[in-house]
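# Structure at a glance
Now for the letters of each chain:
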Amino acid sequence: LDTTNNIFDLLYMKKSFTLEIPKTIDNIPLKNYQKYLQVLEENKENPDQEFLSLKLLNIFCNISVKEAYQLPLAQYESILKHLTELINTKSELKLRFYMTDPKGKKVEFGFIPNLDKMTLGEYIDAERYLTDWKDMHKAMAVLYRPIVAGNKDFYKIEKYEGTDKYADIMKDAPASVAIGSILFFLSLGIELSKTTLDSLLSQQQTSKEGLTAKDLEKNGDGINQYTRLQEEMYLKLTKLQELIYTKR
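What you are looking at is a predicted structure, and each value in this text was computed from that prediction instead of being measured.

### Description of the overall build of the chain
A count of helical and extended segments in the chain gives 9 helices and 6 strands. Expressed as a percentage of its 248 residues, the buried residues of the chain come to 39%. Within the chain, contacts between residues at least 6 apart in sequence are counted, and of these 66% link residues at least 24 apart. Total accessible area on the chain is roughly 15300 Å²; 52% of this is exposed by carbon and sulfur atoms.

Here it is as C-alpha coordinates:
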(Lines give C-alpha, C1' and ligand atoms only; values in the text may rest on other atoms or scores of the structure.)
Protein backbone atom coordinates (compact mmCIF):
# COMPACT_ATOMS: atom_id res chain seq x y z
CA LEU A 1 0.00 0.00 0.00
CA ASP A 2 3.04 2.26 0.21
CA THR A 3 3.91 1.91 -3.45
CA THR A 4 3.99 5.00 -5.60
CA ASN A 5 1.01 4.35 -7.86
CA ASN A 6 -0.95 1.85 -5.75
CA ILE A 7 -1.94 -0.21 -8.78
CA PHE A 8 -1.77 -3.97 -8.44
CA ASP A 9 -2.09 -6.66 -11.07
CA LEU A 10 -3.52 -9.63 -9.28
CA LEU A 11 -3.43 -13.19 -10.52
CA TYR A 12 -5.76 -15.67 -8.91
CA MET A 13 -7.04 -18.92 -10.37
CA LYS A 14 -5.60 -17.89 -13.74
CA LYS A 15 -7.74 -14.72 -13.78
CA SER A 16 -6.10 -11.30 -13.90
CA PHE A 17 -7.56 -7.88 -13.03
CA THR A 18 -6.28 -4.49 -11.91
CA LEU A 19 -6.98 -3.14 -8.45
CA GLU A 20 -6.50 0.59 -7.87
CA ILE A 21 -6.15 1.61 -4.24
CA PRO A 22 -6.32 5.32 -3.26
CA LYS A 23 -3.19 6.24 -1.33
CA THR A 24 -4.74 9.14 0.65
CA ILE A 25 -8.15 10.72 1.16
CA ASP A 26 -7.08 13.27 -1.47
CA ASN A 27 -7.17 10.47 -4.07
CA ILE A 28 -10.84 9.69 -3.40
CA PRO A 29 -13.23 11.75 -5.59
CA LEU A 30 -16.19 13.35 -3.87
CA LYS A 31 -18.69 11.36 -5.96
CA ASN A 32 -17.29 8.06 -4.66
CA TYR A 33 -17.35 9.33 -1.10
CA GLN A 34 -20.97 10.42 -1.55
CA LYS A 35 -21.84 7.02 -2.95
CA TYR A 36 -20.35 5.15 0.01
CA LEU A 37 -21.96 7.42 2.61
CA GLN A 38 -25.29 6.82 0.87
CA VAL A 39 -24.72 3.07 1.30
CA LEU A 40 -24.00 3.64 5.01
CA GLU A 41 -27.13 5.72 5.38
CA GLU A 42 -29.32 3.15 3.65
CA ASN A 43 -27.98 0.37 5.87
CA LYS A 44 -27.72 2.16 9.22
CA GLU A 45 -30.71 0.36 10.75
CA ASN A 46 -29.44 -3.14 10.01
CA PRO A 47 -25.77 -2.93 8.99
CA ASP A 48 -24.23 -5.97 7.34
CA GLN A 49 -20.49 -5.57 7.95
CA GLU A 50 -19.46 -7.96 5.19
CA PHE A 51 -21.67 -6.15 2.69
CA LEU A 52 -20.33 -2.73 3.77
CA SER A 53 -16.74 -3.98 3.49
CA LEU A 54 -17.36 -5.31 -0.01
CA LYS A 55 -19.01 -2.04 -1.03
CA LEU A 56 -15.97 -0.19 0.34
CA LEU A 57 -13.75 -2.07 -2.11
CA ASN A 58 -16.32 -1.89 -4.88
CA ILE A 59 -16.65 1.91 -4.71
CA PHE A 60 -13.14 3.03 -3.77
CA CYS A 61 -11.10 0.42 -5.66
CA ASN A 62 -13.39 0.07 -8.66
CA ILE A 63 -13.73 -3.72 -8.55
CA SER A 64 -16.82 -5.89 -8.58
CA VAL A 65 -17.97 -7.94 -5.61
CA LYS A 66 -17.09 -11.07 -7.61
CA GLU A 67 -13.51 -9.83 -8.07
CA ALA A 68 -13.29 -8.90 -4.37
CA TYR A 69 -14.07 -12.52 -3.47
CA GLN A 70 -11.02 -13.58 -5.48
CA LEU A 71 -8.61 -11.56 -3.31
CA PRO A 72 -6.30 -13.48 -0.95
CA LEU A 73 -7.67 -13.09 2.58
CA ALA A 74 -4.56 -11.38 3.97
CA GLN A 75 -4.57 -8.82 1.17
CA TYR A 76 -8.33 -8.29 1.51
CA GLU A 77 -7.95 -7.47 5.22
CA SER A 78 -4.93 -5.24 4.58
CA ILE A 79 -6.78 -3.22 1.93
CA LEU A 80 -9.87 -2.87 4.14
CA LYS A 81 -7.76 -1.60 7.02
CA HIS A 82 -6.12 0.96 4.75
CA LEU A 83 -9.44 2.19 3.32
CA THR A 84 -11.00 2.41 6.78
CA GLU A 85 -8.14 4.61 7.92
CA LEU A 86 -8.67 6.83 4.88
CA ILE A 87 -12.38 7.41 5.41
CA ASN A 88 -11.73 8.23 9.07
CA THR A 89 -9.07 10.80 8.21
CA LYS A 90 -9.77 14.30 9.51
CA SER A 91 -9.17 17.01 6.91
CA GLU A 92 -8.33 20.66 7.40
CA LEU A 93 -9.98 23.39 5.34
CA LYS A 94 -8.24 23.63 1.97
CA LEU A 95 -8.15 27.20 0.66
CA ARG A 96 -6.85 26.16 -2.79
CA PHE A 97 -6.65 22.98 -4.80
CA TYR A 98 -6.10 21.91 -8.40
CA MET A 99 -8.31 19.96 -10.79
CA THR A 100 -7.60 18.85 -14.34
CA ASP A 101 -10.12 19.63 -17.08
CA PRO A 102 -10.97 17.23 -19.97
CA LYS A 103 -8.28 18.87 -22.11
CA GLY A 104 -5.59 18.10 -19.54
CA LYS A 105 -5.27 21.68 -18.31
CA LYS A 106 -4.82 22.21 -14.57
CA VAL A 107 -7.29 24.69 -13.05
CA GLU A 108 -6.80 26.06 -9.53
CA PHE A 109 -9.93 26.52 -7.41
CA GLY A 110 -10.05 28.80 -4.39
CA PHE A 111 -12.29 29.01 -1.31
CA ILE A 112 -14.38 32.19 -0.97
CA PRO A 113 -11.69 34.69 0.15
CA ASN A 114 -13.97 36.71 2.46
CA LEU A 115 -17.07 35.09 3.95
CA ASP A 116 -18.25 38.49 5.22
CA LYS A 117 -18.66 39.58 1.60
CA MET A 118 -20.72 36.60 0.45
CA THR A 119 -23.64 37.58 -1.75
CA LEU A 120 -27.19 36.67 -0.78
CA GLY A 121 -27.26 34.09 -3.56
CA GLU A 122 -24.06 32.44 -2.32
CA TYR A 123 -25.32 32.36 1.26
CA ILE A 124 -28.73 30.88 0.40
CA ASP A 125 -27.25 28.17 -1.84
CA ALA A 126 -24.47 27.27 0.62
CA GLU A 127 -26.96 26.97 3.48
CA ARG A 128 -29.28 24.85 1.30
CA TYR A 129 -26.67 22.34 0.12
CA LEU A 130 -24.03 22.18 2.85
CA THR A 131 -26.00 19.94 5.23
CA ASP A 132 -26.73 17.04 2.88
CA TRP A 133 -24.05 14.77 1.40
CA LYS A 134 -26.22 14.15 -1.66
CA ASP A 135 -25.83 17.83 -2.53
CA MET A 136 -22.25 18.32 -1.36
CA HIS A 137 -20.94 18.79 -4.92
CA LYS A 138 -23.38 21.71 -5.26
CA ALA A 139 -22.17 23.20 -1.97
CA MET A 140 -18.59 22.93 -3.21
CA ALA A 141 -19.62 24.78 -6.39
CA VAL A 142 -20.68 27.68 -4.15
CA LEU A 143 -17.66 27.69 -1.86
CA TYR A 144 -14.96 27.06 -4.49
CA ARG A 145 -14.47 28.63 -7.92
CA PRO A 146 -11.54 29.07 -10.32
CA ILE A 147 -8.93 31.60 -9.23
CA VAL A 148 -8.83 34.42 -11.78
CA ALA A 149 -6.20 36.71 -10.23
CA GLY A 150 -3.79 37.00 -7.34
CA ASN A 151 -0.58 35.53 -6.02
CA LYS A 152 0.61 33.00 -3.45
CA ASP A 153 -0.99 34.78 -0.49
CA PHE A 154 -3.99 36.61 -1.97
CA TYR A 155 -6.36 35.67 -4.75
CA LYS A 156 -9.66 36.48 -6.41
CA ILE A 157 -12.14 33.85 -7.57
CA GLU A 158 -14.59 33.81 -10.43
CA LYS A 159 -17.91 35.59 -9.90
CA TYR A 160 -20.71 33.33 -8.67
CA GLU A 161 -23.17 32.35 -11.40
CA GLY A 162 -25.10 29.61 -9.61
CA THR A 163 -24.28 26.01 -8.75
CA ASP A 164 -24.98 24.54 -12.19
CA LYS A 165 -21.73 25.84 -13.68
CA TYR A 166 -19.35 23.76 -11.53
CA ALA A 167 -21.55 21.27 -9.62
CA ASP A 168 -20.80 18.30 -11.92
CA ILE A 169 -17.11 19.20 -12.01
CA MET A 170 -17.00 19.22 -8.20
CA LYS A 171 -18.08 15.57 -8.15
CA ASP A 172 -14.47 14.82 -9.11
CA ALA A 173 -12.98 17.12 -6.45
CA PRO A 174 -11.01 15.44 -3.63
CA ALA A 175 -13.28 14.22 -0.83
CA SER A 176 -10.88 15.86 1.62
CA VAL A 177 -11.94 19.29 0.32
CA ALA A 178 -15.58 18.65 1.20
CA ILE A 179 -14.75 17.13 4.59
CA GLY A 180 -12.53 20.06 5.50
CA SER A 181 -15.27 22.53 4.54
CA ILE A 182 -17.90 20.78 6.64
CA LEU A 183 -15.69 20.61 9.72
CA PHE A 184 -14.70 24.26 9.22
CA PHE A 185 -18.29 25.48 9.16
CA LEU A 186 -19.26 23.21 12.03
CA SER A 187 -16.42 24.60 14.16
CA LEU A 188 -17.13 28.18 13.04
CA GLY A 189 -20.82 27.83 13.84
CA ILE A 190 -20.23 26.43 17.30
CA GLU A 191 -17.77 29.19 18.16
CA LEU A 192 -20.13 31.91 16.88
CA SER A 193 -22.97 30.36 18.82
CA LYS A 194 -20.95 30.33 22.06
CA THR A 195 -19.73 33.90 21.57
CA THR A 196 -23.22 35.26 20.88
CA LEU A 197 -24.77 33.34 23.75
CA ASP A 198 -22.08 34.57 26.17
CA SER A 199 -22.78 38.13 24.99
CA LEU A 200 -26.52 37.76 25.57
CA LEU A 201 -25.98 36.32 29.03
CA SER A 202 -23.54 39.11 29.88
CA GLN A 203 -26.02 41.77 28.77
CA GLN A 204 -28.75 40.13 30.80
CA GLN A 205 -26.55 40.03 33.90
CA THR A 206 -25.55 43.70 33.51
CA SER A 207 -29.10 44.98 33.17
CA LYS A 208 -31.03 42.57 35.37
CA GLU A 209 -31.22 45.02 38.30
CA GLY A 210 -33.43 47.29 36.25
CA LEU A 211 -35.66 44.53 34.93
CA THR A 212 -38.83 43.10 36.36
CA ALA A 213 -39.35 39.38 36.88
CA LYS A 214 -41.49 39.38 33.73
CA ASP A 215 -38.66 41.00 31.72
CA LEU A 216 -36.16 38.43 33.01
CA GLU A 217 -38.49 35.62 32.04
CA LYS A 218 -38.95 37.13 28.58
CA ASN A 219 -35.20 37.51 28.08
CA GLY A 220 -34.64 33.96 29.28
CA ASP A 221 -37.15 32.69 26.74
CA GLY A 222 -35.33 34.62 24.04
CA ILE A 223 -31.97 33.07 24.94
CA ASN A 224 -33.51 29.61 25.11
CA GLN A 225 -35.12 30.11 21.71
CA TYR A 226 -31.81 31.31 20.27
CA THR A 227 -30.06 28.27 21.68
CA ARG A 228 -32.64 25.93 20.17
CA LEU A 229 -32.28 27.59 16.79
CA GLN A 230 -28.50 27.23 16.94
CA GLU A 231 -28.83 23.59 17.92
CA GLU A 232 -31.16 22.92 15.00
CA MET A 233 -28.92 24.81 12.60
CA TYR A 234 -25.83 22.74 13.39
CA LEU A 235 -27.52 19.41 14.09
CA LYS A 236 -27.35 18.41 10.45
CA LEU A 237 -23.67 19.38 10.21
CA THR A 238 -22.97 17.38 13.36
CA LYS A 239 -24.74 14.36 11.86
CA LEU A 240 -22.60 14.75 8.75
CA GLN A 241 -19.48 14.76 10.92
CA GLU A 242 -20.63 11.60 12.72
CA LEU A 243 -21.37 9.93 9.38
CA ILE A 244 -17.93 10.86 8.06
CA TYR A 245 -16.22 9.10 10.96
CA THR A 246 -18.46 6.03 11.17
CA LYS A 247 -16.15 3.06 11.74
CA ARG A 248 -16.35 0.06 9.45
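Picking up after the structure, the text goes on.
### Brief notes about the confidence of the model for the chain
Averaged over the chain, the pLDDT score is 76; the fraction of residues at 70 or greater is 69%. Low pLDDT, under 50, characterises residues 1-14; the stretch is placed with 30 contacts to residues that sit more than four places away or in other chains.

### Regarding the sheet that holds strand E4 (residues 106-111)
To summarise the sheet geometry, strands pair through backbone hydrogen bonds and adopt either a parallel or an antiparallel arrangement. Sheet architecture is open: 4 strands sit in the order E3-E4-E5-E6, paired in antiparallel fashion. Sheet topology places strand E3 (96-100) and strand E6 (155-157) at the edges, where each strand pairs with a single neighbour. Each adjacent strand pair in this sheet contributes to an overall mean axis angle of 55 degrees, direction not counted. Two elements, E4 and strand E5 (residues 144-150), share 3 bridges in a ladder whose sense is antiparallel. Residue pairing in the sheet places Phe109 in a bridge with Pro146 of E5. Packed onto the sheet, helix H6 (residues 136-143) meets E4 and E5 and runs at close to 20 degrees relative to E5.

### Quick notes on helix H4 (residues 73-87)
Relative to the 21 Å expected for 15 residues at 1.5 Å per residue, H4 spans 21 Å between its end C-alpha atoms, a close match to the ideal helical length. All of the buried residues along H4 are Tyr76, Ile79, Leu80, His82, Leu83, Thr84, Leu86 and Ile87.

### Observations regarding the environment of Met118
As for its position among the elements, Met118 is in the loop between E4 and helix H5 (120-129). Distance from Met118 to Leu143, taken between C-alpha atoms, is 9.7 Å for residues 25 residues apart in sequence. Setting aside residues no more than four positions away along its own chain, Met118 makes contact with Ile112, Tyr123 and Ala126.

### Brief notes about the packing of H5 against H6
At a minimum axis separation of 8 Å, H5 and H6 run at an interaxial angle of 155 degrees. Between H5 and H6, the interaxial angle falls into the category roughly antiparallel. Crossing angle aside, the handedness with which H5 passes H6 is left-handed. Note on element contacts: H6 touches H5 through Met136, Lys138, Ala139, Val142 and Leu143, opposite Glu122, Asp125, Ala126 and Tyr129. For the contact of H5 with H6, the class distribution of residues is 6 nonpolar, no polar and 3 charged.

### Considerations on the pattern of salt bridges
Counted according to the given criterion, the structure contains 10 salt bridges. Across the pair Lys94 and Asp26 runs a salt bridge, and its minimum N-O distance is 3.7 Å. Taken as a pair, Lys94 in the loop between H4 and E3 and Asp26 in the loop between strand E2 (15-20) and helix H1 (30-42) lie far apart in primary sequence, 68 residues in all. Among the residues examined, Lys94 registers a relative accessible area of 27% and is labelled partly exposed. Three or more residues are tied together by salt bridges with common partners; here these are Glu158, Glu161 and Lys165.

### Focus: the nonpolar core
Tyr33 and Met140 are the most contacted members of the largest nonpolar core, which has 56 residues in total. Broken down by element, the residue count for this core peaks at 7 residues, all from helix H8 (residues 175-207).

### Some thoughts on a nonpolar patch on the surface
On the surface, Leu120, Tyr123 and Ile124 cluster together to form a nonpolar patch covering roughly 310 Å² of accessible area. Structurally, Tyr123 can be placed in helix H5.

### Side note on the packing of aromatic side chains
Here the structure, examined in full by the defined rule, presents 7 aromatic pairs. Relative to Phe60, the ring of Tyr36 has its centre 5.6 Å away and its plane inclined at 50 degrees; by these criteria the two rings are tilted. Residue Tyr36 is found in helix H1, and its partner Phe60 is found in helix H2 (residues 49-60); the two are separated by 24 residues along the sequence. Each member of the pair, Tyr36 as well as Phe60, is classed as buried.

Parameters and conventions
- Residues numbered from 1 in each chain as written.
- Predicted model: local features only at pLDDT ≥ 70, side-chain atom pairs only at ≥ 80, totals over all residues.
- Heavy atoms only, no water.
- Helix = DSSP H or I, 4+ residues; strand = E, 2+ residues; numbered from the N terminus.
- Buried < 20%, exposed > 50% of the residue type's maximum accessible area, 1.4 Å probe, protein only.
- Contact = heavy atoms within 4.5 Å.
- Areas by Shrake-Rupley, 256 points an atom, 1.4 Å probe, with all protein chains shown as cover.
- pLDDT = per-residue confidence, 0-100.
- Pairing = 2+ DSSP bridges.
- Axes fitted to C-alpha atoms, helices over the stretch in contact; angles between N-to-C directions.
- Expected span 1.5 Å × (residues − 1).
- Parallel < 35°, antiparallel > 145°, perpendicular 65-115°, else oblique.
- Left-handed = near helix turned anticlockwise from the far one by under 90°.
- Nonpolar A, V, L, I, M, F, W, Y, C, P; charged D, E, K, R; others polar.
- Salt bridge = Lys/Arg side-chain N within 4 Å of Asp/Glu carboxyl O.
- Core = buried A, V, L, I, M, F, W, Y, C linked by side-chain atoms within 4.5 Å.
- Patch = residues over 30% accessible without salt bridge, like charges linked within 9 Å, V, L, I, M, F, W, Y side chains within 5 Å.
- Phe/Tyr/Trp six-rings, centres within 6.5 Å; stacked < 30°, edge-to-face > 60°.

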